[in-house]
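Listed below are the residues making up each chain.
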Amino acid sequence: MKKRDYFSKRTKEISNASYRRKIIFSFLFFAVLVTAGIFAWKWLNHQPTEQGALKPLRKTLEANEKILQKAVFDTSHLVKEYPEKDAVKNVRVNGLIGMEKTIDTATWRLQVIRAVGDTLKLSLADIEKLPKKHLIFDFKCIEGWSQVTHWAGVPLKTFMDYYHLNAQEKMQYVGLQTVDKKYYVGIDMPSALQSQTILCYEMNNKPLPMKQGYPLRLIIPVKYGIKHLKQIGTIYFSNQKPPDYWAERGYDYYSGL
Ligand SMILES: Nc1nc2c(c(=O)[nH]1)N[C@H]1C(S)=C(S)[C@@H](COP(=O)(O)O)O[C@H]1N2
Ligand SMILES: [Mo]
């Protein structure tokens, strides 16, 4: 019995001392942790914002977007096409940013910037001469509506091959701007070269109405409506992400479906 008491007393004394040390250590540890947390929070809040998000967070968002774009929204897939009878007659008009009221086809030219100081200028007739593709698909706007609509034009890939834009096809992005340059989008090259992406000049077998993008618009079914730029003035190619009107206002850069 005595021996046991002796041991249990020793044990108790030791544990009291280590208990005190542990309390002090824990306190210091938490103090350091809380201070680090406060500094991290302050640092984050002093970072510049980019498109409405703090820059370090925006960076994470962009990295995630890119992974998602590759893994989930692989835009080489084909979207469903519909029979002509399914196409609506009254096509909704949405978004008129950067649209001129009238365009004079006699002077309008599609400007294809092959390189700095090297611009190809094409008339509507030049574009209409190329193989025509009809496309009837479910057009989706990011605002939440969709419509089965009927378009026709030359596939962008066919167009680029015809004009020997092979070096440009190897670049990462296509940029498009309206005639007045007030609306602009950037498209990743795999989506731009997907076979259903067309430079479109017809809707329901007639020339595009002015508000629907006359004389030429982009139809890119693997993307939401925001990327279907109406009234194209300029096309260019780049390895950097071209500026994008809605991405600058916080929407997803790729806006893939
Ligand atoms: N120039 C230009 N193109 C644009 C827009 C715009 O505001 N300006 N809006 C986009 C959006 S948000 C959509 S949904 C589609 C709508 O095309 P629609 O008017 O032919 O239906 O055009 C896209 N192209
Ligand atoms: Mo839209």
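Shown above is the structure to which this text applies.
Residues numbered from 1 in each chain as written. Chains lettered and ligands numbered in written order. Predicted model: local features only at pLDDT ≥ 70, side-chain atom pairs only at ≥ 80, totals over all residues. Heavy atoms only, no water.

### What about the packing of aromatic side chains?
Applying the stated criterion across every chain yields a total of 11 aromatic pairs. Here Trp246 and Tyr251 contribute two aromatic rings whose centre-to-centre distance is 5.4 Å and whose plane-to-plane angle is 80°, an arrangement assigned as edge-to-face. The lysine or arginine in question, Lys227, covers the ring of Tyr253, its NZ or CZ lying 4.5 Å from the ring centre. Lying across the ring of Tyr245, Arg249 places its NZ or CZ 3.7 Å from the centre. (Phe/Tyr/Trp six-rings, centres within 6.5 Å; stacked < 30°, edge-to-face > 60°. Lys NZ or Arg CZ within 6 Å of the ring centre and 35° of its normal.)

### Digging into the pairing of strand β7 (residues 173-178)
Summarising burial for β7: 6 of the 6 residues are buried, a large majority. Because side chains alternate across β7, one face comprises the buried residues Tyr173, Gly175 and Gln177, and the other comprises Val174, Leu176 and Thr178, equally buried. Pairing of β7 with strand β8 (residues 184-188), which is carried by 5 bridges, proceeds in the antiparallel orientation. The partner of Leu176 across the bridge, within β8, is Val185. The hairpin formed by β7 and β8 contains 5 residues between the paired strands, and Lys181 there has a positive phi angle of roughly 65°. One ladder, built from 6 bridges, connects β7 with strand β12 (residues 232-238); its direction is antiparallel. Across the sheet, residue Val174 finds its bridge partner in β12, namely Phe237. (Buried < 20%, exposed > 50% of the residue type's maximum accessible area, 1.4 Å probe, protein only. Helix = DSSP H or I, 4+ residues; strand = E, 2+ residues; numbered from the N terminus. Pairing = 2+ DSSP bridges.)

### Here we look at the layout of surface pockets
Reported here for the largest pocket is a volume of approximately 440 Å³. Lining the largest pocket are 26 residues, with Asn94, Gly95, Tyr183, Gly225 and Ile226 positioned closest to its centre. With 3 residues, the single largest contributor to the lining of the largest pocket is strand β6 (residues 146-155). Its residues placed into classes, the lining of the largest pocket shows 14 nonpolar, 8 polar and 4 charged. (1 Å grid on protein atoms, 1.4 Å probe; cavity = no way out; pocket = protein on both sides within 12 Å on 5 of 7 lines; lining within 4 Å. Points joined across faces, edges and corners; volume = space filled by probe spheres on them. Nonpolar A, V, L, I, M, F, W, Y, C, P; charged D, E, K, R; others polar.)

### Notes on the sheet that holds strand β3 (residues 110-115)
Spatially, the 5 strands line up as an open sheet ordered β4-β3-β12-β7-β8, and their pairing is mixed. The open sheet is flanked by β4 (118-122) and β8, the only strands paired with a single partner. Pairwise comparison of adjacent strand axes, ignoring direction, gives a mean angle of 20° for this sheet. (Axes fitted to C-alpha atoms, helices over the stretch in contact; angles between N-to-C directions.)

### Let's talk about the site of ligand 1
Neighbouring ligand 1 are 20 residues, the closest being Arg92, Asn94, Ile97, Arg217 and Lys230. Taking Gly95, its main chain carries an N or O atom lying 3.4 Å from an oxygen atom of ligand 1. Between an oxygen atom of ligand 1 and a side-chain N or O atom of Arg217, the distance comes to 2.7 Å. A molecule is said to occupy a pocket when more than half its atoms come within 2 Å of that pocket's grid points, and by this definition ligand 1 occupies the largest pocket. (Near = heavy atom within 4 Å. Polar contact = N/O pair within 3.5 Å; in protein donor to acceptor, adjacent residues only side chain to side chain. Sits in = over half its atoms within 2 Å of the grid points.)

### Notes on the nonpolar core
Residues Leu110, Ile127, Trp151, Phe159, Leu176, Leu199 and Ile232 are the most contacted members of the largest nonpolar core, which totals 50 residues. Here Ile127 is in contact with Trp108, Leu110, Leu122, Val154, Phe159, Tyr201 and Leu216, once residues within four sequence places are set aside. (Core = buried A, V, L, I, M, F, W, Y, C linked by side-chain atoms within 4.5 Å. Contact = heavy atoms within 4.5 Å.)

### Some remarks on the pattern of salt bridges
A full pass over the atoms with the stated rule returns 10 salt bridges. Its salt-bridge partner being Asp118, residue Arg114 comes within 3.1 Å of it at the nearest N-O pair. Classification of Arg114 by relative accessible area gives partly exposed; the value is 30%. Between Lys223 and Asp188 there is a salt bridge, with the nearest N and O atoms lying 2.8 Å from each other. Of this pair, Lys223 sits in the loop between β11 (217-219) and β12 while Asp188 is found in strand β8, placing the two residues 35 residues apart along the sequence. For Asp188, a relative accessible area of 6% gives the class buried. Each of Lys157, Asp161 and Glu169 takes part in salt bridges that share partners, so that together they form one network. (Salt bridge = Lys/Arg side-chain N within 4 Å of Asp/Glu carboxyl O.)

### Considering the side chain of Gln177
Within the secondary structure, Gln177 is located in strand β7. Those residues in contact with Gln177 that lie beyond four places of it in its chain are Tyr183, Tyr184, Leu229, Gln231, Ile232, Gly233, Thr234 and Tyr236.

### Some thoughts on the environment of Thr178
You can see Thr178 is positioned in strand β7. Using a relative accessible area of 0% as the deciding quantity, one classes Thr178 as buried. Leave out the neighbours within four places in its chain, and Thr178 touches Ile97, Gly98, Tyr183, Leu229, Lys230, Gln231 and Gly233. Of note is the side chain of Thr178, whose polar atom sits 2.7 Å from the side chain of Asp180.

### Observations regarding the pairing of β8
In terms of residue burial, β8 counts as a mostly covered element, since 5 of its 5 residues are buried. Here β8 shows no split at all, with Tyr184, Gly186 and Asp188 on one side and Val185 and Ile187 on the other all buried.

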